[in-house]
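An overview of the molecular structure
If you want the building blocks of each chain, they are given just below.
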Amino acid sequence: MADNGVKSGPEPSERTTIGITFGNSNSSIAHLVDDKAEVIANEDGDRQIPTILSYVDGDEYYGQQAKNFLVRNPKNTVAYFRDFLGKEFKSIDPTHNHASAHPQESGETVAFTIQDKEGEDAAPSTLSVSEVATRYLRRLVGSASEYLGKKVTSAVITVPTNFTDKQKAALIAAAAAADLEVLQLISEPVAAVLAYDGRAETKIEDKIVVVADLGGTRSDVTVLASRGGMYTILATAHDYEFAGFALDKVLMDHFAKEFMKKNSGASDPRENARSLAKLRLEAEATKRALSLGTNASFSVESLADGLDFASTINRLRYETIARTVFEGLNRLVGSAVKKAGLDVLDVDEVILSGGTSHTPRIAANLRYLFPQNTRILAPSTEPTAINPSELQARGAALQASLIQDYEAEDIDQSTHAAVTTVPHVTNAIGVISLNEAGEETFAPIVPPETAVPARRTVHLSAPNGGDVLVKVVEGNTHIKVTKPEPKAKENGDSKAAKVEDADDSDEDDSDFDDDEEEEEEKREKVWKIGSTLAEAAVKDVKKGGKVEVSITVNSDLSIIVTAREVGGKGGVRGTLTSA
Amino acid sequence: MEASVLPFTLPSLPEGWEAENSFKAIGKTTQGGTTQRTLEPVGPYFLAHARRARHKRTFSEDDRIQAQERAKKVEDNDDSEISEPEDPMMLQRDAKDWKTQDHYKVLGLSRYRWKATEEQIKRAHRKKVLKHHPDKKAAAGRADDDNFFKCIQKATEVLLDPVKRRQFDSVDEEADVEPPTKKQLAKGNYYKLWAHVFKSEARFSKVHPVPSFGDENSTKEEVENFYNFWYNFDSWRSFEYLDEDVPDDNENRDQKRHMERKNANARKKKKAEDNARLRKLLDDCSAGDERIKRFRQEANAAKNKKRLEREAAEKKAAEEARLKKEAEEKAAKEAEEKAKAEREASKKAKEAAKNAVKKNKRVLRGSVKDANYFVEGDASAATIDAVLGDVELIQGKIDADELAALAGKLNGLTVPDKIKGVWKSEVERLVAAGKLKEGEAKTLGA
């Protein structure tokens, strides 16, 4: 278009979009190939690109190359800056920047002093964190453009759930300065869920999902309700102690001690900045190796005092020394579930996201924490799981492809609070059904925490045929704790499956489950039938036929019920006015 | 969401259950049974929700509209291009005047013009034919009404032939964008307005892509690139379309050749005029282009800066040299004055010393006179001579300091014995020092 230069963003038809995960430790870029999200490898072949910029003799390095400069050129290397965006100096945590350029106060924001020009005597420049983010994003977009063969104009970027509006504004401004239109900022956990739901083979169902986003410097756990493909965050928990760096630290301590034991009289490599950087880099590599194999080597040339060091560690030893961290992560996940007012039995799916999620032990611990029919989506527990490091970028790429054809204004309006803030039902709505013993049980159709308006259609069997009753009722769950003598209870609710194994393993991390809980007891989720809403009759159903029941809950909580025999004609339709 | 199969069985209808239309509303949903929560604006299902919410559609309405939209896609393109209203005046046109007709307008493509693809032209043609076919008119009772149909055929013939289409596009004034007037420029965005003009002119370019006009933030290279391109514009625009008809009867070859020559000249002239027009357009545009002014100013500023810096440096160097010279001169003068003062001071000191010596000698001589030359009564001339001679002798033996010391001792003494004692001790001191021989200065040492 002729007026392209005057408009703020590119025309929807001229956009080239990607999804970006802009992490504190690593970033990723992804795009869509044949409706499947693919993570793009940068020039170095990295799909997880360290969020680090380094300047040597006026040359800019980013990603893994920059990370390697943490040993030789820490002062001119900026790392872990994402969380500083849009924040004041007094509210940032500079812990992780100790071994790289140190953040400084600069007016309203945070800045770094970096020698980014050539020449010995060139004056160092003070780069605000926005400027650093802009330069880094420019490199990311450059890599993506090079890979795709055309200029990337727009992106969906993921941000943590606790990113403030100010931080979001700062990120959008930084991206704009890098000549990148931000179509939308989406929450990291939601991007992870979308990456799974966006797979062609995934069937959309109502489920409670826990996303454990375990990163390098922070761990965020989000509990969300996925209802008909729409996501509502129920609770979040953030932790800045139990994250990837804590595992690195454990390994660093372990090997530093071993080094000193092997070389009596050698100085502590943790006390020398350069040795520490080498130790950290190698510890991280060892940690990654331990996620894949059961043994990993650790070797650093000239670790300290000019002494080389080589050693190995097996996974068992690693899991023993890192136990406190693993337990901390378990507690974090548990606390998030509790914060959402739910029980572990309510959780249908646990998605492990972020680099630290590769650790098999973490997935195994969560396997014990949740009941057996909860799916734990991690590489070590589910063969079809997506690489946890790539989840968010893929989700972002999917979202980008969904909205790339919309005008920016359309996107704004659709993400407006008036559209996103909707009532969610607290009670489930379902019908009365019979279990094998002939008892009345509740068959949930619209589960709790479903955003209204909502519509659900289900098929229920009517094996005996004839006239059947569709009795629409409200329902609610409670956790039934059964003392030892087991009562065979087969109500067909798969969620009430026995959790013996889980109980056994609870000895390991019994600090999570309710304290008053005794060992042998069984915990089940049981639906309680609430007030009756309506009754409808479907007549003359064939023997072994099925009945389709459709319930639509409007935003004013009025309900439309339709019921008919599958394949049959006519049917019943009725409306319930709201209270 | 499609129907999911639940592993539940429905109970049979109890005996005697009756309701109108087989439906009985019994209860109401729980009061306050909702929580306001925020949906994450992500995913295809949220988009559907947003669409429903923004257009206030129910599920079934939305389903229907979506289904329609999906189904319509195949024929969608057919509709849009023909949607232009047909000007009744245009329908009255005579096909003989095809040279003056607007072919795009006839086919209902006036929105697309030179941008229309062959596919679009074909489709538009078909649509128009279906509507205006003479047989259809005949069916409606208007026989032999095929004028507009011929217009359509002519338009298609021109537009589907690439050569003829270019010739027509060359003179398609409807596609031209007039350069903005001063009034418009004062009100609107300079870059936007001119960009429209050049965008339309760019259709004649043999070279693609054509650099864009840019905006106020364009770099110097972009702007220079733009003007270079346009000042060297390579245009395929030609004016055959406006040729006068060449008689094709073989009767008058001269007349025919004359017409051909005339046409060729007219084309050449028009082409030259067009080039001049484009040049003027560019001159007008660049004259008002703030960016060029800015770049020139910046360049000047850079040049001036260098010059000023050099001048400042020279001035500074001269000033420094002058200061240095002054400082040297001053130092030399001061040194001279100091030397002079020193000379004078030493001269004065010498004179003072000389005077002191004289004075001291006077004291010495006075002392012996006060002591009456160490004799009672009047001293004889010989005695006076001897004493004074000895005084002279001692004076000659001692230096100025000793002389002063001696004078100090003698000064103020009046008693002859004491004076004598002083002299005696002086003589003894001198003898002890070996400056005086024993027996010399008898008158004083005795």
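In the nomenclature of an unreviewed UniProt entry, chain B corresponds to DnaJ-domain-containing protein from the organism Parathielavia appendiculata. On record in UniProt, under Subcellular location (unreviewed entry), the comment for chain B is "Cytoplasm".

As annotated in an unreviewed UniProt entry, chain A carries the name HSP70-domain-containing protein and comes from Parathielavia appendiculata.

Within chain A one finds 13 helices and 28 strands. Classification of the 579 residues of chain A by burial places 56% in the buried group. A sequence separation of at least 24 residues applies to 65% of the contacts in chain A between residues at least 6 apart.

Strands in a sheet are paired, the pairing made by backbone hydrogen bonds, and the direction either parallel or antiparallel. Residue and element names in this part refer to chain A. In spatial order, the strands read 6-5-7; together these three strands make up an open sheet with antiparallel pairing. Only two strands of the sheet have a single partner each, and these edge strands are strand 6 (59–62) and strand 7 (77–79). Along the sheet, successive strands turn relative to each other by an average axial angle of 15°, direction set aside. Packing of helix 1 (residues 64–72) onto the sheet brings it into contact with strand 5 (52–56), strand 6 and strand 7, and relative to strand 5 it is tilted by some 65°.

Another point: the pattern of salt bridges. What the rule picks out here adds up to 59 salt bridges over all chains. Between D83(A) and R82(A) there is a salt bridge, with the nearest N and O atoms lying 2.9 Å from each other. For the pair D83(A) and R82(A), one class covers both residues: buried. The partner of D116(A) in a salt bridge is K117(A), and the shortest N-O contact between them spans 3.7 Å. The class of D116(A) is buried, set by a relative accessible area of 10%. Because the salt bridges share partners, they merge into one network encompassing D176(B), E201(B), R203(B), R237(B), D274(B) and R277(B).

Taken together, the contacts link 55 residues of chain B with 84 residues of chain A. For the pair chain B and chain A, the summed buried area comes to about 6500 Å², and 62% of that belongs to carbon and sulfur atoms. Taken together, chain B and chain A are joined by four salt bridges. Among the secondary structure elements, those contributing two or more residues to the side of chain B that touches chain A are strand 1 (4–9), strand 2 (23–25), strand 3 (34–40), helix 1 (44–55), helix 2 (59–82) and helix 10 (190–201) of chain B. With nine residues, helix 1 of chain B is the largest single contributor of residues to the side of chain B that touches chain A. Its residues assigned to classes, the side of chain B that touches chain A comprises 24 nonpolar, 20 polar and 11 charged.

Right, let's talk about the environment of N435(A) for a bit. All names here are of chain A. Position of N435 among the secondary structure elements: in the loop between strand 21 (428–434) and strand 22 (440–446). Classification of N435 by relative accessible area gives buried; the value is 12%. From its side chain, N435 meets the backbone nitrogen of E439 in a polar contact 2.8 Å long.

As a further point, take unusual backbone geometry. Cis geometry is adopted by the peptide bond preceding P453(A), which originates at V452(A) and carries an omega value of 0°. One can find P453(A) in the loop between strand 22 and strand 23 (454–462). Put simply, H208(B) and P209(B) share a cis peptide bond, and its omega is 0°. Mapped onto the secondary structure, P209(B) falls in the loop between helix 10 and helix 11 (220–231). One non-glycine residue, D34(A), adopts positive backbone phi at about 50°. Assessed through its relative accessible area of 72%, D34(A) is described here as exposed.

With that settled, consider the side chain of T16(A). Residues and elements named next belong to chain A. Within the fold, T16 resides in the segment before strand 1 (17–22). A distance of 3.3 Å separates a polar atom in the side chain of T16 from the backbone oxygen of K151. Setting aside anything within four residues of it in sequence, one finds T16 in contact with L148, K150, K151, V152, T153 and S154.

Residues and elements named next belong to chain B. Packing of helix 10 against helix 12 (residues 253–287) leaves a shortest axis separation of 12 Å and a crossing angle of 165°. On the basis of the axis angle, helix 10 is roughly antiparallel to helix 12. Seen along the crossing, helix 10 lies across helix 12 with a hand that is left-handed. Packed against helix 10, whose contacting residues are Y190, W194, V197, F198 and E201, the element helix 12 presents R277, L278, L281, L282, D284 and C285 at the interface. Here the residues of the contact of helix 10 with helix 12 are counted per class, giving eight nonpolar, no polar and three charged.

Quick look at helix 12 of chain B now. Helical geometry note: an α-helix holds 3.6 residues per turn, so side chains three or four residues apart project in the same direction. The first and last C-alpha atoms of helix 12 of chain B sit 50 Å apart over 35 residues, in line with the 51 Å expected at 1.5 Å per residue. Those residues of helix 12 of chain B lying buried are M259(B), N263(B), D274(B), L278(B), L281(B), L282(B), C285(B) and S286(B).

Interpretation of the predicted coordinates at a detailed level should be avoided for regions scoring low in pLDDT. Residues and elements named next belong to chain A. Summing up the model confidence of chain A, the mean pLDDT is 86 and the portion of residues at 70 or higher is 92%. Every residue in residues 1–7 scores below 50 in pLDDT, and together they form 12 contacts with partners more than four places removed in sequence or on other chains. Counting interchain partners and residues more than four positions distant, the pLDDT-below-50 stretch residues 487–518 has 50 contacts.

Basis of the calculations
Residues numbered from 1 in each chain as written. Chains lettered and ligands numbered in written order. Predicted model: local features only at pLDDT ≥ 70, side-chain atom pairs only at ≥ 80, totals over all residues. Heavy atoms only, no water. UniProt positions renumbered as here; feature names shortened; annotations may be inferred. Helix = DSSP H or I, 4+ residues; strand = E, 2+ residues; numbered from the N terminus. Buried < 20%, exposed > 50% of the residue type's maximum accessible area, 1.4 Å probe, protein only. Contact = heavy atoms within 4.5 Å. Pairing = 2+ DSSP bridges. Axes fitted to C-alpha atoms, helices over the stretch in contact; angles between N-to-C directions. Salt bridge = Lys/Arg side-chain N within 4 Å of Asp/Glu carboxyl O. Buried area = accessible area lost by both parts, 1.4 Å probe. Nonpolar A, V, L, I, M, F, W, Y, C, P; charged D, E, K, R; others polar. Polar contact = N/O pair within 3.5 Å; in protein donor to acceptor, adjacent residues only side chain to side chain. Parallel < 35°, antiparallel > 145°, perpendicular 65-115°, else oblique. Left-handed = near helix turned anticlockwise from the far one by under 90°. Expected span 1.5 Å × (residues − 1). pLDDT = per-residue confidence, 0-100.

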